[in-house]
Amino acid sequence: KDEITMLGGAFDFSQKTVGQVMTTLDDVFMLEASLSLNFEVMLLIFQSGHSRIPVYDKSRDNIIGVLFTKDLILLDPEDSVPIKTVLLFFGRTVLLVFFDTTLNKMLNIFRQGGGHMAIVQKKKGGADENPETLGIVTLEDLIEEIIGQDIVDE
Ligand code: ADP
């Protein structure tokens, strides 16, 4: 039965796009770039349970970087380090992809390195308009498609 589920998953995989498996923007836990990592903010990160936290400037669709929670383990909340300082120090790059990217292509992008999370965007009508941000996609979202089952987080 598991094999059949996986074959079905593999078939769907080649048909699907990141827009169909992403976590939509409203459901993404993010932080505003002007915040500092005081106790309250660190607690929010801890409670979110996520290992990567997109950081936005002013509006949630303007993602300027990603915080990795593993980068924060040596920080003292008493120091209240600005999020911008951490972004500059670690210089984690943000992968950007369009919503119609196929899952095959997305898997190859993740395999080539540069991170296991990407920001999903959609081109807007005007040539000089910034793309619209729709959500995020991670390697786990792709794996769930391949195995045809949800992975319950630890
Ligand atoms: P994590 O273990 O950090 O949550 P995973 O890559 O294992 O990250 O992803 C698990 C699920 O959580 C996926 O569906 C992914 O899209 C979603 N996810 C990852 N990071 C966030 C976040 N910051 N806010 C909301 N959902 C997230």
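Nothing here was measured: the structure is a model prediction, and the numbers come from that model.

So, on to the nonpolar core. Core analysis: the biggest nonpolar cluster contains 21 residues, and Val 18, Val 120, Ile 136 and Val 137 have the highest contact counts within it. For this core, the elements supplying multiple residues, two or more each, are α2 (18-21), β4 (52-56), β5 (63-68), α4 (83-90), α5 (103-111), β8 (117-122) and β9 (132-138). Looking at this core, the element that brings in the most residues is β8, giving 4 residues. When residues no more than four places from it in sequence are discounted, the contact partners of Val 137 are Val 18, Val 21, Met 22, Met 106, Ala 118 and Val 120.

Predicted confidence across the chain gives a mean pLDDT of 92, with 97% of residues reaching 70 or more. Interface confidence for the predicted complex, expressed as ipTM, amounts to 0.98; the pTM equals 0.91.

Lining the immediate environment of the ligand, one finds 14 residues, of which Thr 23, Phe 29, Ser 51, Thr 138 and Glu 140 sit closest. Counting only elements with at least two residues in the shell around the ligand, the list comes to β4, β9 and α6 (139-147). In terms of residue count, the dominant contributor to the shell around the ligand is α6 (3 residues). Of the residues assigned to the shell around the ligand, the class counts are 5 nonpolar, 4 polar and 5 charged.

Sheet strands line up and pair through hydrogen bonds in the backbone, either parallel or antiparallel. On the basis of which strands lie adjacent, the open sheet formed by 3 strands has the order β2-β4-β5 and mixed pairing. Each end of this open sheet is capped by a strand with a single partner; those strands are β2 (31-32) and β5. As defined by bridge partners, β4 adjoins β5 across 5 bridges and the pair is classed as antiparallel. Its bridge partner lying in β5, Tyr 56 is registered against Ile 63. Contacts between α4 and the sheet are confined to β2, β4 and β5, with β5 contributing the most and set at about 80 degrees to the helix.

Read from one edge to the other, the open sheet built from 4 strands follows the order β1-β9-β8-β7, with strand pairing classed as mixed. Whereas interior strands pair on both sides, the edge strands pair on one side only; in this sheet they are β1 (23-24) and β7 (95-98). Bridge analysis of β8 against β9 gives 6 bridges, and the strand direction is antiparallel. Bridge assignment links Ala 118 to a residue of β9, and that residue is Val 137.

An α-helix turns once per 3.6 residues; consequently, residues spaced three or four apart project the same way. Taken as a whole, α6 has its buried residues at Asp 141, Leu 142 and Glu 145. Around the axis of α6, the buried residues are gathered within 100 degrees of arc, so they sit on the same side. In the segment just after α6, Gly 148 is the residue with positive phi, at about 70 degrees.

Before going further, it helps to spend a moment on the environment of Val 120. Turning to its location among the elements, Val 120 is positioned in strand β8. Taking the C-alpha atoms as reference points, Val 120 and Ile 151, separated by 31 residues in sequence, lie 21 Å from one another. Leave out the neighbours within four places in its chain, and Val 120 touches Val 18, Gly 19, Met 22, Val 97, Phe 99, Leu 134, Gly 135, Ile 136 and Val 137.

The subject of this paragraph is the pairing of β8. Of all 6 residues in β8, 5 are buried; the element is thus mostly enclosed. Here β7 pairs with β8 via 4 bridges, running parallel. Within the sheet, the bridge partner assigned to Leu 96 lies in β8 and is Ile 119. For the crossover from β7 across α5 to β8, the handedness is right-handed.

Criteria and cut-off values
Residues numbered from 1 in each chain as written. Predicted model: local features only at pLDDT ≥ 70, side-chain atom pairs only at ≥ 80, totals over all residues. Core = buried A, V, L, I, M, F, W, Y, C linked by C-beta atoms within 7 Å. Buried ≥ 20, exposed ≤ 12 C-beta atoms within 10 Å, placed from the backbone. Helix = DSSP H or I, 4+ residues; strand = E, 2+ residues; numbered from the N terminus. Contact = placed C-beta atoms within 7 Å. pLDDT = per-residue confidence, 0-100. Near = placed C-beta within 6 Å. Nonpolar A, V, L, I, M, F, W, Y, C, P; charged D, E, K, R; others polar. Pairing = 2+ DSSP bridges. Axes fitted to C-alpha atoms, helices over the stretch in contact; angles between N-to-C directions. Arc of directions from axis to C-beta. Right-handed = clockwise from strand over helix to strand, strands pointing away.

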